[in-house]
Amino acid sequence: AAIKIMTERGMEPSGSHGSALSNDNDHLHNENPRAPNRSSRSNSSSSWKRYLACIAITSLCLIQFGISTMYLTTTENANYSRIMDLPSVQSEVQQTDGNTNNDRSSIDYFINITTPQPLPTLVHFDPIFLGGYRNQHMRFVAFVNFAVENSIPQLLLPSLRWGVAQGEHRGRDVPFDYLFDVAYWNERAERAGLPRLVRYDASVLEGRRRRSGTTDMMDNNNKSTTIACFNTSSNLYSGLDSGLLRNPNTNIRRVNIWDEIGRLDGYAHCRRLPPSSVGQQEQEDVGDEFTHLIAHGGSKGVGRLWADYNAMQRRRGKAKQNTTIDNRTITIHPEHLPVERTINTILRPSEAIRNAIQSAIQSSTTAQKDQQQQLRSPSKVLALHPRIEHDMLHHRCGRFMEQNLTKIFDHLRGECSHNVELLFLAVNIELVMTEPGSSLGSDLRELALENAIVLNRTRTYGMFGNESSVGIPMFESGSRTAENILFPEEQPTDYSKAGTTPRLVSSKSLGITDLVASIVNFFTIIEADRFVGVKGSSFSTDLFSVRYYMGKRGNYILGPEGVEELVGPPPPYTGC
């Protein structure tokens, strides 16, 4: 009402420009606040009194509106959390920017945002996700999808461990929260329809049933008889042989871990199935002990998670369509399932890795500008993922790839490298430059040696460069950046007792440089202006996907026949 009176008198409420209260229908911005007063001079005193009164009333209205808005927003969030039976999260301002809250990286904030609720919680029973970095990611996607499909609102964080797949440190593993931003995930997971990541708390997730008539209730106060289905020392399901499963010489693909769960006396209830897979009566027959933990994983062979992910991809493959663009036929593949799309938007590297990536990109582009004495910024970056490491030269998926680095660079001449000022090469330099092993045949050994020579020349003269002409400068990150990133020396087994800051050591000291380097390369490529990936690579395929959903165009797929710009999401990954 006060705003209406002021509008009629040719006045404009203070601060209305750009305000959330502004409305085009009110025509508030059409009035000139300096227009002459329409009242006669004799009524000027009265007009000013009315003006001051309007200002006061308007201020009160704005204050009340702000209070009401805050209440409604808080109530809405609280109701949403209550529906999910989860604690409310921080304000939207803090959710959208990880750097706005100075305490966000504190142990107290981590404890609070990963606090479990007495709800079904999915546990990964394999000691690590199997495979290289992106194959592990694919299994993680299938694991999350299983939770979503079975309405399981929590994932047990300490069970989500990532591993080093090859090299001298093969078998080393690392906690999920060293590699990825857990707080960022949890701040968005509920609204995105994904499960939260929670730490283990036996007082919440384990207990005994208290009989009340015909109704079973959890008795979390009976601590003396609680049986823990998760071992915080080994970060494995209770009863599993950590000495066997964490031995780098053990082939986990040949161990049926699921058969070992619940075999110990008193632990039968730990072999729990999702609610959708087992009736309530069957669950009661186990005994009085109860757990909210639900074990799930790969088991023998490539594992169930790998099969589940491929099944997710097959659903996409059935709906592909062909279209004609610029007189050429192009296959348009359907988008990924909502779960995978959402994961790609809220799974980001940990703060330590993000800072290292940004520092590496900035220092490389700055050095290139200084070298060419150019001031325009930033550099236009072309990222290339050539799968030319020795292990891929004789891999069954190698038949889909161009593995000759000279031919790869020849394919890049033209549109995809036009106006490019910097080349980022995502390759394991050590595995390319090392002496080829005896496992390679004579032809592949010759190819490996040629690739090493071409790579070394490109590092010196740039892509398309030689002794007399400088080409496009190349920079690499990967291991060089990853080996100096610092992580806690030991992960706390009980976060509630963590009161001191842990000693930090490098990823090289922890033996996880190769894994961290893959993450560094992956997210560096996401930042590039253009990207050329190879057919048959899970790493390249996932990069095509993430870049597409982030609105990053300029994606090219490389095969023996040449380079082709990718339109839409990439083809479904089918193991090669």
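Before any of the text, the structure's been laid out above.
A. Structural view of the packing of helix H5 (residues 133-149) against helix H21 (residues 538-549). The contact between H5 and H21 brings their axes to 8 Å, and the two run at 60 degrees. Looking at the two axes, H5 sits oblique to H21. The handedness of the crossing between H5 and H21 comes out as left-handed. Residues Tyr133, Arg134, Asn135, His137 and Met138 of H5 form the contact with H21, whose own contacting residues are Ser538, Phe539 and Asp542. Split by residue class, the contact of H5 with H21 holds 3 nonpolar, 3 polar and 2 charged.

B. Up close: the state of the cysteines. Evaluated as defined, the whole model comprises 1 disulfide. A sulfur-sulfur distance of 1.9 Å marks the disulfide that ties Cys229 to Cys270. Between Cys229 and Cys270, the disulfide has an S-S torsion of -80 degrees and is therefore left-handed. One end of the pair, Cys229, is in the loop between strand E7 (215-219) and strand E8 (230-231); the other, Cys270, is in the loop between helix H9 (242-245) and helix H10 (280-284), with 41 residues separating them in the sequence. Cys270 carries the same exposure label as Cys229, and that label is buried.

C. Region of the structure containing H21. When the terminal C-alpha atoms of H21 are compared, their 17 Å separation across 12 residues agrees well with the 16 Å that a helix rising 1.5 Å per residue should span. When H21 is considered as a whole, its buried residues turn out to be Ser538, Phe539, Ser540, Thr541, Asp542, Leu543, Phe544, Ser545, Val546, Arg547 and Tyr548. The N-cap residue of H21 is Ser537: its side-chain oxygen and the backbone nitrogen of Phe539 are 3.2 Å apart. Positioned one or two residues after H21, Gly551 has a phi angle of 80 degrees, which is positive.

D. Summary view of the sheet that holds strand E14 (residues 381-384). Ordered in space as E16-E15-E14-E19-E20-E21, the 6 strands form an open sheet in which the pairing is mixed. Every other strand in the sheet has two partners, leaving strand E16 (474-475) and strand E21 (562-565) as the edge strands with one partner each. Here E14 runs beside strand E19 (residues 530-534); their pairing, made up of 3 bridges, is parallel. Within the sheet, the bridge partner assigned to Leu384 lies in E19 and is Val532. Contacts between H21 and the sheet are confined to E19 and strand E20 (555-559), with E19 contributing the most and set at about 150 degrees to the helix.

E. Focus on the packing of aromatic side chains. Tallied over the entire structure, the rule returns 19 aromatic pairs. For the pair Phe125 and Trp258, a centre-to-centre distance of 6.1 Å together with 35 degrees between the ring planes defines the contact as tilted. Separated by 133 residues along the polypeptide, Phe125 in the loop between strand E1 (121-124) and H5 and Trp258 in the loop between H9 and H10 bring together distant segments of the chain. Relative accessible area serves as the criterion here: at 3%, Phe125 is assigned to the buried category. Ring pairs connect the aromatic residues Phe129, Tyr133, Phe140, Phe143, Trp162, Phe176, Phe180, Trp185, Phe522, Phe523 and Phe539, which therefore count as one cluster. Sitting over the ring of Phe522, Arg134 keeps its end group 3.9 Å from the ring centre. Sitting over the ring of Tyr184, Arg188 keeps its end group 3.6 Å from the ring centre.

F. Layout of the packing of H5 against helix H12 (residues 338-346). Viewed as axis vectors pointing N to C, H5 and H12 meet at an angle of 120 degrees, and their least axial separation amounts to 10 Å. With respect to their mutual orientation, H5 and H12 come out oblique. Pair H5 / H12 crosses with right-handed handedness. In this structure, H5 uses Arg134, His137, Phe140, Val141, Val144, Asn145 and Val148 to contact H12, whose residues at the interface are Val339, Glu340, Ile343 and Asn344. Of the residues assigned to the contact of H5 with H12, the class counts are 6 nonpolar, 3 polar and 2 charged.

G. Summary view of the sheet that holds strand E5 (residues 196-198). Pairing is parallel in the open sheet, where 4 strands are placed in the order E5-E2-E1-E11. The open sheet terminates on both sides in strands that have one partner only, identified here as E5 and strand E11 (293-296). Taken over all neighbouring pairs, the strand axes of this sheet differ in orientation by 35 degrees on average, direction set aside. With 3 bridges joining them, strand E2 (residues 154-156) and E5 adopt parallel strand pairing. By the bridge assignment, Leu155 is partnered in E5 with Leu197. Taken strand by strand, H5 contacts E1, E2 and E11, and its axis lies near 155 degrees from that of E1.

H. The pattern of salt bridges, seen in detail. Under the definition given, this model contains 16 salt bridges. With a closest N to O distance of 3.1 Å, Arg354 and Asp181 form a salt bridge. Taken together, the residues Arg354 in helix H13 (residues 351-372) and Asp181 in the loop between helix H6 (176-179) and helix H7 (182-192) connect sequence positions 173 residues apart. Taken as a pair, Arg354 and Asp181 share a single burial class, namely buried. Salt-bridge contacts for Asp410 lead to Arg413; the nearest nitrogen and oxygen are separated by 3.7 Å. Given a relative accessible area of 44%, Asp410 falls into the partly exposed group. By relative accessible area, Arg413 is classed as exposed at 51%.

Parameters and conventions
- Residues numbered from 1 in each chain as written.
- Predicted model: local features only at pLDDT ≥ 70, side-chain atom pairs only at ≥ 80, totals over all residues.
- Heavy atoms only, no water.
- Axes fitted to C-alpha atoms, helices over the stretch in contact; angles between N-to-C directions.
- Helix = DSSP H or I, 4+ residues; strand = E, 2+ residues; numbered from the N terminus.
- Parallel < 35°, antiparallel > 145°, perpendicular 65-115°, else oblique.
- Left-handed = near helix turned anticlockwise from the far one by under 90°.
- Contact = heavy atoms within 4.5 Å.
- Nonpolar A, V, L, I, M, F, W, Y, C, P; charged D, E, K, R; others polar.
- Disulfide = S-S within 2.5 Å.
- Buried < 20%, exposed > 50% of the residue type's maximum accessible area, 1.4 Å probe, protein only.
- Expected span 1.5 Å × (residues − 1).
- Polar contact = N/O pair within 3.5 Å; in protein donor to acceptor, adjacent residues only side chain to side chain.
- Pairing = 2+ DSSP bridges.
- Phe/Tyr/Trp six-rings, centres within 6.5 Å; stacked < 30°, edge-to-face > 60°.
- Lys NZ or Arg CZ within 6 Å of the ring centre and 35° of its normal.
- Salt bridge = Lys/Arg side-chain N within 4 Å of Asp/Glu carboxyl O.

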